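For reference, the chains in residue letters:
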Amino acid sequence: MDNRADVTDQAKPRVSLTFDDGPDPIWTARVLEALRGARARATFFVVAPRAREFPGLISEMRQAGHAVELHCAHHVRHTELTREEIEADTRDGLANLEQLETRPRLWRPPWGILSPWTEPVAEEFGLRLALWTIDTHDWRGDPASEMLKSVETTLAPGSTILLHDGLGPGALRSGCEETVAVIGELVESIRALGCEPAPMTVQDAVPVPERTGA
């Protein structure tokens, strides 16, 4: 079974809302509720063992038409791993998601950091690397109003926006309240541009160099 519903509103330019580091039993559920209220679909780059721990959230994502893609099995920078370690992490992550009948096509490495081995390993496993063009820095705990103001200065058709529905390593916040709070207004800003928030596709997965964040 695939991990996404077919994209609708194909006549409109798309903007991709993407969420890393989940699923989280509290915050992912609230993010999904906010997306449902905004009638928006997104892409979740999941930590595979957590996905296995909370399979109901993965089912809920898929049933709502969101995409479920691979983040990692262990949230470690690729520059700190050998090629063999990256291969093992990717293999383990995909195996975990396969047990949930989820077959990713996109892969976002932890922190968006690429090693010399990352792209060859992606090709080995039939994955496309998927980074982002706009970083909300929500992991810092910035207020929703500040995140929205920052995003709106660069928001454009085809943008890929980075958010987090979990508390990954290095997070400076204790919860994801502001991420949940920004979703509705962010979707309104996207639609004001004449765009539609929709899951990422393989065609969207063009690596962007020199990323920061998670």
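A. Structural view of the nonpolar core. Ranked by internal contacts, the top residues of the largest apolar core, which has 46 residues, are Leu17, Phe19, Leu35, Phe44 and Ile161. Residues in contact with leucine 35, not counting those within four places in the same chain, are Leu17, Phe19, Ala40, Ala42, Phe44, His66 and Ile183. Core analysis: the next-biggest nonpolar cluster, separate from the first, contains five residues, Phe45, Leu106, Met200 and Ala205 among them.

B. Looking closely at the packing of aromatic side chains. One pass over the structure, following the stated rule, counts one aromatic pair. The interplanar angle of 20° and the centroid separation of 5.2 Å between the aromatic rings of phenylalanine 19 and phenylalanine 44 together place this pair among those described as stacked. Separated by 25 residues along the polypeptide, phenylalanine 19 in strand β1 (residues 14-20) and phenylalanine 44 in strand β2 (residues 43-47) bring together distant segments of the chain. Judged by relative accessible area, which is 0%, phenylalanine 19 ranks as buried. It is arginine 30 that lies over the ring of tryptophan 27; its NZ or CZ is 4.8 Å from the centre. Sitting over the ring of tryptophan 111, arginine 77 keeps its end group 3.9 Å from the ring centre.

Cut-off values and rules
- Residues numbered from 1 in each chain as written.
- Predicted model: local features only at pLDDT ≥ 70, side-chain atom pairs only at ≥ 80, totals over all residues.
- Heavy atoms only, no water.
- Core = buried A, V, L, I, M, F, W, Y, C linked by side-chain atoms within 4.5 Å.
- Buried < 20%, exposed > 50% of the residue type's maximum accessible area, 1.4 Å probe, protein only.
- Contact = heavy atoms within 4.5 Å.
- Phe/Tyr/Trp six-rings, centres within 6.5 Å; stacked < 30°, edge-to-face > 60°.
- Helix = DSSP H or I, 4+ residues; strand = E, 2+ residues; numbered from the N terminus.
- Lys NZ or Arg CZ within 6 Å of the ring centre and 35° of its normal.

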